[in-house]
Amino acid sequence: MKEEIKGLAAFLVAGLGAAAALLAWAPLARVNVQGGFDGRHRDLSVLYVDLPLVAAGGALVSLVFWTLTLRRSRRPWLAALAAVAAVALGIWGLTSWWAPYQAPEFLH
């Protein structure tokens, strides 16, 4: 595999990892952006704190696993498989660990 194609594939893997992480994160963050009942609990910090971190995490996890596997095995299909598996595990960890704060809707 030529070096130019390896670099292009690495950018593609990083972009797909970031997109997959953002698509899995967005439904969880919707509560904070919309604000719940009457928009009282709106927290837009998820857009300028969590959004870049999730995108960078998805890109970096896939890129690191792509690069490490490609260096070890020299097989691009194995590197792509390792990157997909790492992103899938990362997304599973993100959706099971990260839960946005939800203030109670009605207080007595």
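Residues numbered from 1 in each chain as written. Predicted model: local features only at pLDDT ≥ 70, side-chain atom pairs only at ≥ 80, totals over all residues. Heavy atoms only, no water.

(A) Structural view of the packing of helix H1 (residues 3-34) against helix H3 (residues 76-97). Two numbers describe how H1 lies on H3: the axes approach to 10 Å, and their chain directions differ by 20°. With respect to each other, H1 and H3 are oriented roughly parallel. Crossing of H1 against H3: the hand is right-handed. When H1 is examined against H3, the residues Val-13, Gly-17, Ala-20, Ala-21, Ala-24, Trp-25 and Leu-28 are found in contact with a partner set consisting of Ala-83, Val-87, Ile-91, Leu-94 and Thr-95. (Axes fitted to C-alpha atoms, helices over the stretch in contact; angles between N-to-C directions. Helix = DSSP H or I, 4+ residues; strand = E, 2+ residues; numbered from the N terminus. Parallel < 35°, antiparallel > 145°, perpendicular 65-115°, else oblique. Left-handed = near helix turned anticlockwise from the far one by under 90°. Contact = heavy atoms within 4.5 Å.)

(B) Quick peek at the layout of surface pockets. The computed volume of the largest pocket comes to approximately 210 Å³. If you trace the largest pocket, you find 13 residues lining it, with Leu-53, Val-54, Gly-57, Gly-58 and Leu-94 closest to the centre. For the lining of the largest pocket, the secondary structure elements donating two or more residues are helix H2 (45-73) and H3. The dominant element in the lining of the largest pocket, judged by the number of residues it contributes, is H2, at 6 residues. Taken together, the residues of the lining of the largest pocket sort by class into 9 nonpolar, 3 polar and 1 charged. (1 Å grid on protein atoms, 1.4 Å probe; cavity = no way out; pocket = protein on both sides within 12 Å on 5 of 7 lines; lining within 4 Å. Points joined across faces, edges and corners; volume = space filled by probe spheres on them. Nonpolar A, V, L, I, M, F, W, Y, C, P; charged D, E, K, R; others polar.)

(C) Quick peek at H1. Taking 1.5 Å as the rise per residue, H1 with 32 residues should run 46 Å; its terminal C-alpha atoms sit 45 Å apart, in good agreement. The sharpest bend along H1 measures roughly 45° and falls at Leu-28. The complete set of buried residues in H1 reads Lys-6, Ala-9, Ala-10, Val-13, Ala-14, Gly-17, Ala-18, Ala-21, Trp-25, Ala-29 and Asn-32. Structurally, H1 contributes buried residues whose contacts are with H2 and H3. Directly beyond the C-terminal end of H1, a positive phi value near 95° is found at Gly-35. (Expected span 1.5 Å × (residues − 1). Bend = angle between axes of the 7 residues up to and from the residue. Buried < 20%, exposed > 50% of the residue type's maximum accessible area, 1.4 Å probe, protein only.)

(D) Just the pattern of salt bridges, in detail. In this structure the tally under the stated criterion is 1 salt bridge. One salt bridge connects Lys-6 with Glu-3, and the closest N-O pair in it is separated by 3.6 Å. Of the two residues, Lys-6 and Glu-3 both sit in helix H1, 3 residues apart, roughly one turn of that helix. (Salt bridge = Lys/Arg side-chain N within 4 Å of Asp/Glu carboxyl O.)

(E) Broad picture of a nonpolar patch on the surface. Side chains of Leu-44, Leu-47, Tyr-48, Val-49 and Leu-53 sit close together on the surface and give an oily, nonpolar patch of about 500 Å² of accessible area. Here Leu-44 lies in the loop between H1 and H2. For Leu-44, a relative accessible area of 40% corresponds to the partly exposed category. (Patch = residues over 30% accessible without salt bridge, like charges linked within 9 Å, V, L, I, M, F, W, Y side chains within 5 Å. Areas by Shrake-Rupley, 256 points an atom, 1.4 Å probe, with all protein chains shown as cover.)

(F) The arrangement of the confidence of the model for the protein in detail. Confidence in the prediction of the protein, expressed as mean pLDDT, is 86, and 86% of residues score 70 or more. The element-level mean pLDDT for the protein is lowest in H1, coming to 89, with H2 highest at 92. (pLDDT = per-residue confidence, 0-100.)

(G) Main features of H3. Counted at 1.5 Å a residue, the expected span for H3 with its 22 residues is 32 Å, and the 31 Å between its end C-alpha atoms agrees. Inspection of H3 places Ala-79, Ala-83, Ala-86, Val-87, Ile-91 and Leu-94 among the buried residues, and these make up the whole buried set. An end-on view of H3 places all buried positions within 135° of arc, on one side of the element. H3 presents Trp-77, Leu-81, Val-84, Leu-89 and Trp-92 as exposed residues on the side facing more than 90 degrees away from its buried surface. Where H3 is buried, its residues contact H1 and H2. (Arc of directions from axis to C-beta.)

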